[in-house]
Every structure is written in structure tokens, then in C-alpha cells.
Amino acid sequence: MLILFESSCTTILKSIINVEFLILSISLSHGDLLITYKYFFPKVCKKQLQTKGMTSFVEEYLLWHHFGNKTMETNLDLKHAYLESVKTLLNPFNLSLFIDSYIRRTDLGIHRPDTNPNHKTIKVPILLLSGVFSPHDDDVVNMNSRLDPKNSNYMKVSDSGGMELEEQPAKVATALVLFLQGIGYGMLTQMLCFFNLR
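Here is what the cut-offs are and how they apply
- Residues numbered from 1 in each chain as written.
- Predicted model: local features only at pLDDT ≥ 70, side-chain atom pairs only at ≥ 80, totals over all residues.
- Heavy atoms only, no water.
- Helix = DSSP H or I, 4+ residues; strand = E, 2+ residues; numbered from the N terminus.
- Buried < 20%, exposed > 50% of the residue type's maximum accessible area, 1.4 Å probe, protein only.
- Phe/Tyr/Trp six-rings, centres within 6.5 Å; stacked < 30°, edge-to-face > 60°.
- Lys NZ or Arg CZ within 6 Å of the ring centre and 35° of its normal.
- Core = buried A, V, L, I, M, F, W, Y, C linked by side-chain atoms within 4.5 Å.
- Contact = heavy atoms within 4.5 Å.
- Salt bridge = Lys/Arg side-chain N within 4 Å of Asp/Glu carboxyl O.

### Brief notes about the environment of F98
Inference 1: Examined against the element boundaries, F98 turns out to sit in helix α5 (residues 92–103).
Inference 2: On the accessibility criterion, F98 (41% relative accessible area) is partly exposed.
Inference 3: On a C-alpha basis, the gap between F98 and K46 in space is 8.7 Å, while along the polypeptide they are 52 residues apart.

Set out below in C-alpha cells:
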């Protein structure tokens, strides 16, 4: 089992040899489209983190990147908890390196197999999760359009922004259980549900 989040997707998928299935959250299959938030702002954040440390500009960008505008307005407790953890737990220089890896990520180069059978594609079952209010929803839809529909599932998590696991854990757990049952792991999911109910 392999669960990938955000920018780790490109690096890990290029070095995978044997995987049974994938679960991707906020998956990006191509480079940046929006000039401001997805290209210019990360570069400014990287520079500020390296020179000034954590600034209010960086905090605002990270909030948008993880939650989107709707969640920042409606889920204030989660927003404040995230901000506090960013301010106290993250090393600014290390965060700048992470943002740099996000900026430098490359296209996965995958295509739907029906367009050309020789194109590279992901052959294992895959679940794409995205929040309804996620700032990266268009990117996830684009990724879904590049996957083989026979082995890919796409779910929009309602009442969620970019951090669907933190915002709607029960809905994400239900999606994971149904996905695992759909690919033949029914006994495993029944055991998980049994132990969680005790």
C-alpha cells in the first residue's frame, strides 16, 4: 500500500517497482497553471523563508495552499491550530527546501491508455481524493482525466478544502474502506471496522 501526498507524488512514482494500489490526495499530474498562487507565490515564500524566516505572507500562502479560501473562512479552529503548528514546529529553512521541491516538480508524463497504448500510465488501482473547496481541485480533475478509467476512482469530499483528512476524517475513512473493498480487500476492511467498533 502506498499513500502519497502533494509533491512527493512525482519523485516516488518515478522510482516505484511494485505497488498494489495508490491513494493520492491533492495529486498534481502536470506543472503549474495559475501564475500567482501556484508559481509566483511559492518562489516568494521560498526566498522569504530563507532570508527572513516565517512571515505573514508565507503563513497566508500556506493556509491557501492547504485549505483554500472557503475553509480558511469557515473552519477557524483548524486554521488557527495549523498556524500555531507552522509557527512553532517547522524549521523555516527546511520548509523553504520543501517549497523548492514543490516548485521543481515535473510532469508525471502519464496519459490515458485509450489515446495511445504505448503511452506511460499507472496500471494499479488508484483512488484520487479532493475536497470540494480545494484550491487544487482542477489539478486533481486533470490527473483523473489522464488515468485509465477502468482502475481509477475519483472522490470529492464534501464540506472540505485542501486537507480533507483533517476536515472530514469519517468521509475519507469511508472512501478508503469502499475503495479497498472494491479492489478485493473486503476481509481486511471488515477486520478494521470490527476493531474500531470495540
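### Looking at the packing of aromatic side chains
Inference 1: Considering all chains together, one arrives at two aromatic pairs under this definition.
Inference 2: With centroids separated by 5.2 Å and ring planes inclined at 75°, the aromatic side chains of F41 and F57 adopt a geometry described as edge-to-face. Of the two residues, F41 sits in helix α2 (residues 35–51) while F57 sits in helix α3 (residues 56–74), which places them 16 residues apart along the sequence.
Inference 3: Take F57: its relative accessible area is 28%, and that puts it in the partly exposed class.
Inference 4: Geometrically, the ring pair formed by Y61 and W64 is tilted, given 6.0 Å between the ring centres and 35° between the ring planes. With a gap of three residues between them, Y61 and W64 both fall in helix α3, about one helical turn apart. Across the pair, exposure class does not vary: Y61 and W64 are buried alike.
Inference 5: Directly above the aromatic system of Y102 lies the positively charged group of R105, at a separation of 4.1 Å from the ring centroid.

### Observations regarding the nonpolar core
For soluble globular proteins, the rule of thumb is that nonpolar side chains tend to be buried together.
Inference 1: If you look at the biggest cluster of nonpolar residues, it comprises 19 residues, and the most contacted ones within it are Y61, L62, L63, F67, Y82 and I99.
Inference 2: At the level of elements, α2, α3, α4 (76–89) and α5 are the ones that each hand at least two residues to this core.
Inference 3: Here the element with the most residues in this core is α3; it accounts for seven residues.
Inference 4: The contact partners of L63, leaving out residues within four places of it in the chain, are G68, M72, K79, Y82 and L83.
Inference 5: Formed by nine residues, the second largest nonpolar core is a distinct cluster that contains L108, I122, I126 and M143.

### Digging into the pattern of salt bridges
It is possible for side chains of opposite charge to pair when their charged atoms get near one another.
Inference 1: Applying the stated rule across the entire model yields five salt bridges.
Inference 2: Linking D100 and R104 is a salt bridge whose minimum nitrogen-to-oxygen distance equals 2.9 Å.
Inference 3: Judged by its relative accessible area of 16%, D100 falls in the buried class.
Inference 4: Judged by its relative accessible area of 58%, R104 falls in the exposed class.

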